[in-house]
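Coordinates in review
Spelled out from the first residue to the last, the chains are:
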Amino acid sequence: MRSRNNSGTVSSKCIVILCIACFCAGLLFTDRMWRTPEANDHTPKIKRRQDQELQLSQDGCEQKGKLATERDIMSEVSKTHETIQMLDKTISSLEFELVTSRAGQDKNLDGLHALENPSGEASSEKPKVFVVIGINTAFSSRKRRDSVRETWMPRGWTRLSQLEQEKGIVIRFVIGHSATPGGILDRAIEAEDAQHKDFLTIDHVEGYHELSAKTKIYFATAVAKWDADFYVKVDDDVHVNLGALATTLARHRVKPRVYIGCMKSGPVLAERDVKYHEPEHWKFGEQGNKYFRHATGQIYAISRDLARYISINLPILHKYANEDVSLGSWFIGLDVEHIDDRNMCCGTPPDCHWKAQAGNVCVASFDWSCSGICKSVERIKSVHERCGEGDAAVWSTFF
């Protein structure tokens, strides 16, 4: 009986021990089995994180490279901008020369070739200058011309010739002929020109209501005589600072087609009894409408290509009653840059005087109420003294 009980007791202990051993073995086995998948789960996450960091690093390098490339590109664009403008101007000039050549061969444009080259000389022999300044004048304006010669215009052929040779600035009074060529009026101009040698005589019958025709003939004649970068028209009752004018034009020298002046858009006047009446007012729409933008007629400048355009199309350019409106109309539809420069329409003292005192010398001064300097013969000397840049300014100006 005892032996049975002892053996049974031993068997129970062994069973307990065996159970504990199995439990521990199970724990060990389970721990190993679960840790391996955890490690396997973390490995792709770590790899993805490393890939992301690598991608960010690459993106950063690419971004820096792009910024450096953009800076280089902007630097090159800045350096070549002026060169591109010069090329554009050259191409435009070549296009106009081609059109001029074709127009010269067109037999339907009677007299155009003779007007462009009246002396029979080759166009390549025309003097190359910077600007031609045509001062619009009339037979009855001898005192006005003398007042201009005594103020802002170099007096005498010696000084005018020196200005042309050293600065490329040509200045001439522009006048046509009387209804009876060779009459007393024409002889008076010939005598005055023999004394001063400062006239440009054009093939045009003088008359106040023919200013539009005179303007386009002036440009065509000037183009035929001089190869200039700019052509300027100014009235003989306007004060001009030549140095300021040259500096202003030089800023736009690389542009192919520019129209410079004080731009305005006045009302179209349909009433017959008013000054500046527009007979063709109906072309501008309803009564009360305004003109298109154009430079005021006291002074304006156009570049070479636009002057050539006028010369080529001389017979077919329409003339409105007002000369400044006519000029503006000729450029509608063309790729022209309008430059509105208010320094070209300063008032007379105190306006231009205050600006001169502040270091902002006006290009031109006149009274709007008179469309020029009121009583210019008596007052232009005073305007010159108070608003002038100094006689030496044009000689020391670089452009």
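This section reports on the structure supplied with the text. Predicted, not measured: the structure shown is a model, and the values here were computed from it.

It is worth spelling out the side chain of S365 at this point. For S365, the position within the fold is in strand β9 (residues 364–365). Using a relative accessible area of 2% as the deciding quantity, one classes S365 as buried. Once you skip the residues sitting within four places of it in the chain, S365 turns out to touch V238, H239, C346, G347, C352, I373 and V383.

Once that is clear, we can look at the sheet that holds strand β3 (residues 199–205). Strand order in this open sheet of seven strands is β3-β2-β1-β4-β7-β6-β8, and the pairing throughout is mixed. The open sheet has two free edges, formed respectively by β3 and β8 (337–340), since each of these has just one partner strand. Between one strand axis and the next, the sheet turns by 25 degrees as a mean value, whatever way the strands run. Of the strands in this sheet, β1 (128–136), β2 (169–177) and β3 are in contact with helix α3 (residues 142–149), which crosses β2 at around 175 degrees. The strands touched by helix α8 (residues 304–312) are β1, β4 (227–235), β6 (258–264) and β7 (294–303); relative to β7, the strand with the most contacts, the crossing angle is about 105 degrees.

Another point: the state of the cysteines. This structure, assessed with the given rule, holds four disulfides. Linked covalently through their sulfurs, C346 and C362 form a disulfide whose S-S length is 2.1 Å. In this structure the cystine formed by C346 and C362 twists about its S-S bond by roughly -90 degrees; its chirality is therefore left-handed. Here the residue C346 occupies a position in the loop between β8 and α10 (351–357), and C362 occupies one in the loop between α10 and β9, the gap between them amounting to 16 residues.

Glancing now at the pattern of salt bridges. In the structure shown here, the tally under the stated rule is 26 salt bridges. Linking D237 and R144 is a salt bridge whose minimum nitrogen-to-oxygen distance equals 3.6 Å. Highlighted residues: D237 in the loop between β4 and β5 (239–240) and R144 in helix α3, separated in sequence by 93 residues. Its relative accessible area of 7% is what places D237 among the buried residues. In this structure, E206 engages K214 in a salt bridge whose closest nitrogen and oxygen atoms are separated by 2.9 Å. Its relative accessible area of 3% is what places K214 among the buried residues. Sharing partners across several salt bridges, the network here consists of K128, D227, D229, R253, R304 and R308.

Procedures and definitions
Residues numbered from 1 in each chain as written. Predicted model: local features only at pLDDT ≥ 70, side-chain atom pairs only at ≥ 80, totals over all residues. Heavy atoms only, no water. Helix = DSSP H or I, 4+ residues; strand = E, 2+ residues; numbered from the N terminus. Buried < 20%, exposed > 50% of the residue type's maximum accessible area, 1.4 Å probe, protein only. Contact = heavy atoms within 4.5 Å. Pairing = 2+ DSSP bridges. Axes fitted to C-alpha atoms, helices over the stretch in contact; angles between N-to-C directions. Disulfide = S-S within 2.5 Å. Salt bridge = Lys/Arg side-chain N within 4 Å of Asp/Glu carboxyl O.

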